[in-house]
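Structure at a glance
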Amino acid sequence: MKRKLLIVEDDCLLAEAAGDYFTSKGWEAEIKEDGIQALDVLREKSFHLILLDVMMPGMDGFALCREIRKSCDVPVIFITARVLEEDVLNGYALGADDYVTKPFSLPVLYAKAMALTGRVQKSPVFLEVGGLKADLHSHKVISGEKILPLPPKEYAMLLFFMQNPGRVFSREQLLIRFWGWDFDGNERVVDNHIKKLRKAIGLCGCSIQTVPKCGYRLEIQ
C-alpha cells in the first residue's frame, strides 16, 4: 500500500518538485494551494503525512495545523522561510512534528518524512506514563482500574502532557494549541483546565506541576 502525502503550499514550483520527488519514491502526492482547500480534502481522505507551508493567503499554516489537530494525529512537517524561534515553538505547541526551512534539500526532507512516518506506524495503541494509561483508539485514560471522566479538551491536554513528560509548556503555548490564535479570553482558562486535570488524575505515579514564571510540566514521581 502506497503512503499518501498532502502538500499544502502556494508556491506551485516548490510543491510540484516535492510532489514529484515523493512520487518517484513510490508515494501518492496531492497538492493544495491553501488551507481551505486542504481542509476540504482532509474531510474526505486520510494521509500518512502533511507538508505544510506556514505563510499562505487566507488560512495560514498555524491555523490549519490547529484545525487538523482537532480531528487527527497525522504527522505534520512545516515548510517555512521564517526561522524565528517564536514561530518554531508555536508550531510545536500547535502539534507540528518537524520543521524544514526554505531552501531545503529534497533528500533530507524525504529522510525526515520516512523517519517520522516510520515512528508513527510503530506507535503503540496504549501510552503509559507513571500511573496513567491512555488508550489512543478509544480516547480514554485509565488510572489503576478507573477510567477518568475527561471531557475532550482535558483529554487532549492530558495526552499532550503524557506525550511530552518533563517538558515545560507556557500558558501561551497551551492556549494557542488548544484554544487557537483567535481565542478572545485570557490565559486563566488554562489554569482552570489544569486544576480540573489535577483533580481528575488524583494520586497516581505522575502529576502536573507548576513551574514558577514558566508554565506547567508533567512530572513522573
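The next thing to look at is the sheet that holds strand E9 (residues 146-147). Spatially, 4 strands are ordered E6-E7-E8-E9 in an open sheet, and the strand pairing comes out antiparallel. The open sheet is flanked by strand E6 (126-129) and E9, the only strands paired with a single partner. When E6 meets strand E7 (residues 132-135), the two strands line up antiparallel, connected through 4 bridges. Looking at E7, one finds that Leu 127 is bridged to Ala 134. Those strands touched by helix H6 (residues 152-163) are E6, E7 and strand E8 (140-143), and its axis lies near 115 degrees from that of E7.

Among the nonpolar cores identified, the biggest contains 28 residues, and Leu 132, Val 141, Leu 158, Phe 161, Leu 174, Val 190 and Ile 208 are the most heavily contacted of them. Residue assignment for this core shows that the elements contributing at least two residues are E7, H6, helix H7 (171-179), helix H8 (188-201), strand E10 (206-211) and strand E11 (215-220). Among the elements that take part in this core, H6 stands out by supplying 7 residues, more than any other. In contact with Val 141, not counting residues within four places along its chain, are Leu 132, Lys 133, Ala 134, Lys 146, Ile 147, Leu 148, Leu 150, Tyr 155 and Leu 158. Core analysis: the next-biggest nonpolar cluster, separate from the first, contains 23 residues, Leu 39, Ile 50, Met 56 and Ile 68 among them.

Moving on: the pattern of salt bridges. Scanning the model with the defined rule gives 11 salt bridges in all. Between Arg 171 and Asp 191 there is a salt bridge, with its nearest N and O atoms 2.6 Å apart. A residue pair is termed long-range when its members are at least 10 positions apart, and Arg 171 in helix H7 and Asp 191 in helix H8 qualify at 20 residues. Its relative accessible area of 10% is what places Asp 191 among the buried residues. Bridged by salt links that share partners, the residues Glu 9, Asp 53 and Lys 102 form one connected network.

Between two packed helices, the angle of one axis relative to the other and the distance separating the axes together describe the packing. The interhelical angle for the contact between H6 and H8, taken along N-to-C directions, is 80 degrees, at an axis separation of 10 Å. Relative to H8, the element H6 is oriented roughly perpendicular. Within the contact between the two elements, H6 uses Lys 153, Glu 154, Met 157, Leu 158 and Phe 161 and H8 uses His 193, Ile 194, Lys 196, Leu 197 and Ile 201. Grouping the amino acids of the contact of H6 with H8 by side-chain chemistry returns 6 nonpolar, 1 polar and 3 charged.

Right, let's get into unusual backbone geometry. Residue Lys 102 is joined to Pro 103 through a cis peptide bond whose omega torsion reads -10 degrees. Note on placement: Pro 103 falls in the loop between strand E5 (98-101) and helix H5 (106-121). Here Lys 213, not a glycine, exhibits a phi torsion of approximately 65 degrees, which is positive. Among the secondary structure elements, Lys 213 is positioned in the loop between E10 and E11. The class of Lys 213 is exposed, set by a relative accessible area of 91%.

Before going further, it helps to examine the pairing of E7. Between the antiparallel neighbours E6 and E7 lie 2 residues, among them Gly 130 with a positive phi of about 60 degrees. Pairing of E7 with E8 involves 4 bridges; the strand directions are antiparallel. Its bridge partner being in E8, Leu 132 is matched across the sheet by Ser 143.

Rules used in this analysis
Residues numbered from 1 in each chain as written. Predicted model: local features only at pLDDT ≥ 70, side-chain atom pairs only at ≥ 80, totals over all residues. Heavy atoms only, no water. Pairing = 2+ DSSP bridges. Helix = DSSP H or I, 4+ residues; strand = E, 2+ residues; numbered from the N terminus. Contact = heavy atoms within 4.5 Å. Axes fitted to C-alpha atoms, helices over the stretch in contact; angles between N-to-C directions. Core = buried A, V, L, I, M, F, W, Y, C linked by side-chain atoms within 4.5 Å. Buried < 20%, exposed > 50% of the residue type's maximum accessible area, 1.4 Å probe, protein only. Salt bridge = Lys/Arg side-chain N within 4 Å of Asp/Glu carboxyl O. Parallel < 35°, antiparallel > 145°, perpendicular 65-115°, else oblique. Nonpolar A, V, L, I, M, F, W, Y, C, P; charged D, E, K, R; others polar.

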